[in-house]
Amino acid sequence: MMLTVKAEVGELERLCREVKTFCDGYGITASQTAKLVLALEELFTNGMCHGQVHETDVGLEYVGGRVVVTLEDDGRPFDPWQRPAPDLDAPLEERSVGGLGIFLVRSLMDEVAYERRGERNRVTLTLAAVARPS
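Attention here is on the structure that accompanies the text. A quick note: this is a predicted structure, and the numbers were derived from the prediction, not measured.

Structural notes on the nonpolar core
Next, step 1: Core analysis: the biggest nonpolar cluster contains 30 residues, and L15, L36, V69 and L125 have the highest contact counts within it.
Next, step 2: Broken down by secondary-structure element, the contributors of at least two residues to this core are strand 1 (2-6), helix 1 (9-25), helix 2 (30-50), strand 2 (55-63), strand 3 (66-73), helix 3 (100-108) and strand 5 (120-128).

Quick word on the pattern of salt bridges
Next, step 1: Tallied over the full model, the rule gives eight salt bridges.
Next, step 2: A salt bridge links R122 to E72; the shortest N-O distance between them is 2.6 Å. Residue R122 is found in strand 5, and its partner E72 is found in strand 3; the two are separated by 50 residues along the sequence.
Next, step 3: With a shortest N-O distance of 3.8 Å, E115 and R122 are connected by a salt bridge.
Next, step 4: A relative accessible area of 33% means that E115 is categorised as partly exposed.

Some thoughts on the side chain of D73
Next, step 1: Turning to its location among the elements, D73 is positioned in strand 3.
Next, step 2: Here D73 occupies a buried position and makes no salt bridge, while the nearest side chain of opposite charge, R116, is found at 5.3 Å.
Next, step 3: Within the local environment of D73, its side chain forms a polar contact with the side chain of N121, the two groups lying 2.8 Å apart.
Next, step 4: Once you skip the residues sitting within four places of it in the chain, D73 turns out to touch V53, E55, T56, E119, R120 and N121.

Calculation notes
- Residues numbered from 1 in each chain as written.
- Predicted model: local features only at pLDDT ≥ 70, side-chain atom pairs only at ≥ 80, totals over all residues.
- Heavy atoms only, no water.
- Core = buried A, V, L, I, M, F, W, Y, C linked by side-chain atoms within 4.5 Å.
- Buried < 20%, exposed > 50% of the residue type's maximum accessible area, 1.4 Å probe, protein only.
- Helix = DSSP H or I, 4+ residues; strand = E, 2+ residues; numbered from the N terminus.
- Salt bridge = Lys/Arg side-chain N within 4 Å of Asp/Glu carboxyl O.
- Lys, Arg positive; Asp, Glu negative; His and termini not counted.
- Polar contact = N/O pair within 3.5 Å; in protein donor to acceptor, adjacent residues only side chain to side chain.
- Contact = heavy atoms within 4.5 Å.

Structural measurements only, silent on function.
Structural data, given as structure tokens:
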């Protein structure tokens, strides 16, 4: 499945709805679907607010019991996985601003990857898809 979403708040609802429909079609559990939706909400919002993204091409595949999502956008170059993990043990007043969303995405997904292809960012997320019991 492939769809293009503009970097607009209203498009986020459509993206989430399409992802849920995709996951339902493969019988993926609600908790796994929620992980995927949350990760995509975070990345989409970051791109829209910070990355100067105009639109994102989203690919969804179900391969060998795994959901593979690719996000390709026209934003400024940014590898989210190079950002250091936040120090969750530091007192709040000593923590740097930002980075928790990327940390969250990494903790939700089984695999994450980034590459720059020409003038586009490409993020790949992989989640082991747990099917609902029959």
